[in-house]
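Descriptive structure summary
So you can see what is in the structure, the chains are spelled out below.
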Amino acid sequence: MSGNPQRPTPPAFSPEDMARRRRRSIALALVLGALVVFFFVVTLVKTGPAIMNRPL
Amino acid sequence: MSAAFDRLDPRSDGVALTSSGEARDFFELLKPRVMSLVIVTALAGMATAPGSVHPVIALASLLAIAVGAGASGCLNMWYDADIDALMSRTAKRPIPSGRILPSEALAFGLTLSIGSVLVLGLVANLLAAGMLAFTIFFYAVVYSMWLKRWTPQNIVIGGAAGAFPPMIGEAVVTGDFGMHSLVLFAIIFLWTPPHFWALALVKSADYARAGIPMLPNVAGPAATRRQIVAYSLVMAPVAVLPALMGFGGWLYLVVSVVTGLMMIGLALRVLVRTEGEPAKKAAYALFGFSILYLFLLFAVLLVENGLGLKWPLPVYYTLGGSMPLAEGALELFRALPKVLG
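This is a predicted model, so every value here is computed, not measured.

Turning our attention to the overall build of chain A. Across its full length, chain A holds one helix and zero strands. Taking all 56 residues of chain A together, the buried fraction comes to 4%.

So, in structure tokens, the structure goes:
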């Protein structure tokens, strides 16, 4: 598949850049995971004891 | 700028990707030192509020307020990247140093702004969320985009943005705001000019290079020194008010009086030492102590109210509730939506 002739090829990242991007991705994954836990805990607290008041 | 090709920047000719900035570079965009001050002041606003809130809700709200404040700092860095590059104090920030792309910072700041306001609205209440949104708007748009490059009163008016967190903290707890947080607002508002002008005296060449009309560059160092003393003389007594109004105890009274006198003393030293190295040292001393001063005031309020260690002043019972004018003004402000709508 040939690229668009009007669009120059992006320069390749150096191994050092790739390592930095990997560390950034891991940090982002950790933040997203923490956000999931955050919303779960806040939902439990906001709902309160009534969280069990539902037909099972 | 290594491997920094901006897809939103037409100069990058369409080859844009992203920078190789690391997580700590993005964290730096949030101005962590300012964030820590926001956390302490917002927490003090919660602790002194008449009421209580579930600790998890308080913690979640505090996180949203801190992230919102960080987001406004990020938007400020995005907008000011051109002048930051010209000043020695700010040239190493992530955008001017090329570690983060402007478009990344903008996207990061906007995402966190919207996210923090939504979370605060869901976790706490709409008033707190609305105030956080206004604070972000005030700092990023009113201060950064408008006041900063236009008037020497930039940090006086812009100081309101830094003074809102205690009010947001009280709104989280009560769904309203009252005299307590208004007094805390006034303390931070009056503290901002002496704090920033002390730095501006030392960095006036930097600000001149960047074309920012700070007071020393426009009105001169002598007028700035007089203004620093004037604001300090007003601020120090206002900072004692929490003790007289009953939400600060004996410890707060002692700390606010002693450190307030020290602030006035350091401001007077800035006034009289006008030349050379002694002048620079005096300005730096005031700048450094002012940070400690604000931290101490709010930390003591937090310890006294948050941990229940307050030893109340008897004088509270004679002075409490003796502010009909301020209370009346507050009532009027609260009634405005009904009157207008």
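So, on to the overall build of chain B. Along chain B, the regular secondary structure elements total 17 helices and zero strands. Per-residue burial over chain B gives 47% buried out of 341 residues. Counting contacts in chain B only where the partners sit at least 6 residues apart, residues at least 24 apart contribute 73% of the total.

Further remarks concern the packing of helix α7 (residues 154–163) of chain B against helix α9 (residues 179–202) of chain B. Each pair of packed helices can be summarised by the angle the axes make with each other and by the distance between the axes. Residue and element names in this part refer to chain B. In contact at an axis separation of 8 Å, α7 and α9 are set at 135° when each is read in the N-to-C sense. Accordingly, the angle class assigned to the pair α7 and α9 is oblique. α7 and α9 meet at a crossing whose hand is right-handed. Of α9, the residues touching α7 (which contributes I155, V156, G159, A160, G162 and A163) are F185, I188, F189, T192, P193 and F196. Looking at side-chain class alone, the contact of α7 with α9 contains nine nonpolar, three polar and no charged residues.

For the rest of this paragraph, the subject is the domain arrangement of chain B. All names here are of chain B. Per the domain assignment, the segments making up chain B are domain 1 (20–177) and domain 2 (178–328). Using only C-alpha atoms to locate each centre, domain 1 and domain 2 end up separated by 21 Å. At the junction of the two partners, domain 1 supplies 31 residues and domain 2 supplies 29 residues. The element that contributes the greatest number of residues to the side of domain 1 that touches domain 2 is helix α2 (residues 32–48), accounting for eight residues.

Moving on to the packing of helix α6 (residues 126–147) of chain B against α7(B). Residues and elements named next belong to chain B. Packing of α6 against α7 brings their axes to within 8 Å, and their N-to-C directions diverge by 165°. Between α6 and α7, the angle is such that the two are roughly antiparallel. Judged by the sense of rotation from one axis to the other, the crossing of α6 with α7 is left-handed. Residue-level inspection shows T135, F138, Y139, Y143 and L147 of α6 in contact with α7, the latter providing N154, I157, G158, A160 and A161. When its residues are assigned to classes, the contact of α6 with α7 shows seven nonpolar, three polar and no charged.

We now examine the nonpolar core. Residue and element names in this part refer to chain B. One finds I65, C74, L120 and I168 to be the most contacted residues of the largest nonpolar core, which totals 99 residues. Two domains share this core, each providing at least three of its residues, namely domain 1 (20–177) and domain 2 (178–328). If near-sequence neighbours (up to four positions away) are discounted, I168 is found in contact with A42, G45, I65, A128, M131, L132 and T135.

This next bit is on helix α1 (residues 15–47) of chain A. Taking 1.5 Å as the rise per residue, α1(A) with 33 residues should run 48 Å; its terminal C-alpha atoms sit 48 Å apart, in good agreement. With respect to burial, α1(A) is a largely exposed element, only two of its 33 residues being buried.

With that settled, consider the confidence of the model for chain B. Any region with low pLDDT has predicted coordinates that should not be read closely. All names here are of chain B. The share of residues in chain B with pLDDT of 70 or more is 87%, and the mean pLDDT across the chain is 89. In this model, residues 1–12 is a region of pLDDT below 50 whose contacts with residues beyond four sequence positions or in other chains number 27 contacts. This model gives residues 316–324 a pLDDT under 50, and the stretch forms seven contacts once residues within four places in sequence are excluded. Confidence metrics for the complex model read pTM 0.85 and ipTM 0.77.

Turning to the environment of A163(B), a few remarks are in order. Residues and elements named next belong to chain B. As for its placement among the helices and strands, A163 is situated in helix α7. C-alpha separation for the pair A163 and S181, spaced 18 residues apart in sequence, amounts to 9.5 Å. In this structure, A163 is in contact with F185, I188 and F189, ignoring residues within four places of it in sequence.

Take unusual backbone geometry next. Of note, K31(B) is a non-glycine position whose phi angle comes to about 50°, a positive value. The topology assignment puts K31(B) in the loop between α1 (23–29) and α2.

It is worth spelling out the environment of V156(B) at this point. Its place among the elements puts V156(B) in helix α7. Distance from V156(B) to F189(B), taken between C-alpha atoms, is 7.5 Å for residues 33 residues apart in sequence.

Definitions and limits used
- Starting from 1, residues in each chain are numbered consecutively following that chain's sequence as written.
- Chains carry letters and ligands carry numbers; both start at the beginning, A for chains and 1 for ligands, and go up in the order they are written.
- Note on the predicted model: pLDDT of at least 70 is required for a residue's local features to be given, and 80 or more for side-chain atom pairs to be given and counted; whole-chain, interface and lining totals, by contrast, use all residues.
- Put simply, DSSP marks the helices as runs of H or I at least four residues long and the strands as runs of E at least two long, and each gets a number from the N terminus on.
- Partly exposed residues are those whose C-beta has more than 12 but fewer than 20 other C-beta atoms within 10 Å; 20 or more makes a residue buried and 12 or fewer makes it exposed, with C-beta atoms placed from the backbone.
- Remark: residues whose backbone-derived C-beta atoms lie within 7 Å of one another are considered to be in contact.
- Here an axis means a line fitted to C-alpha atoms, over the contact stretch when the element is a helix, while the angle between two N-to-C directions is reported on a 0 to 180 degree scale.
- Relative orientations are named as follows: roughly parallel for angles under 35 degrees, roughly antiparallel for angles over 145 degrees, roughly perpendicular for angles from 65 to 115 degrees, and oblique for any other angle.
- Put simply, a crossing is left-handed when the front helix is turned counterclockwise from the back one by less than a right angle, and right-handed when it is turned clockwise.
- When residues are grouped by polarity, Ala, Val, Leu, Ile, Met, Phe, Trp, Tyr, Cys and Pro land in nonpolar, Asp, Glu, Lys and Arg in charged, and all others, Gly among them, in polar.
- The source of the domain bounds is an automatic or database domain assignment.
- The term nonpolar core refers to a group of buried residues, namely Ala, Val, Leu, Ile, Met, Phe, Trp, Tyr and Cys, whose C-beta atoms join them within 7 Å.
- An expected span of 1.5 Å times one less than the residue number is assigned to each helix.
- pLDDT runs from 0 to 100 and stands for how confident the predictor is about each residue.

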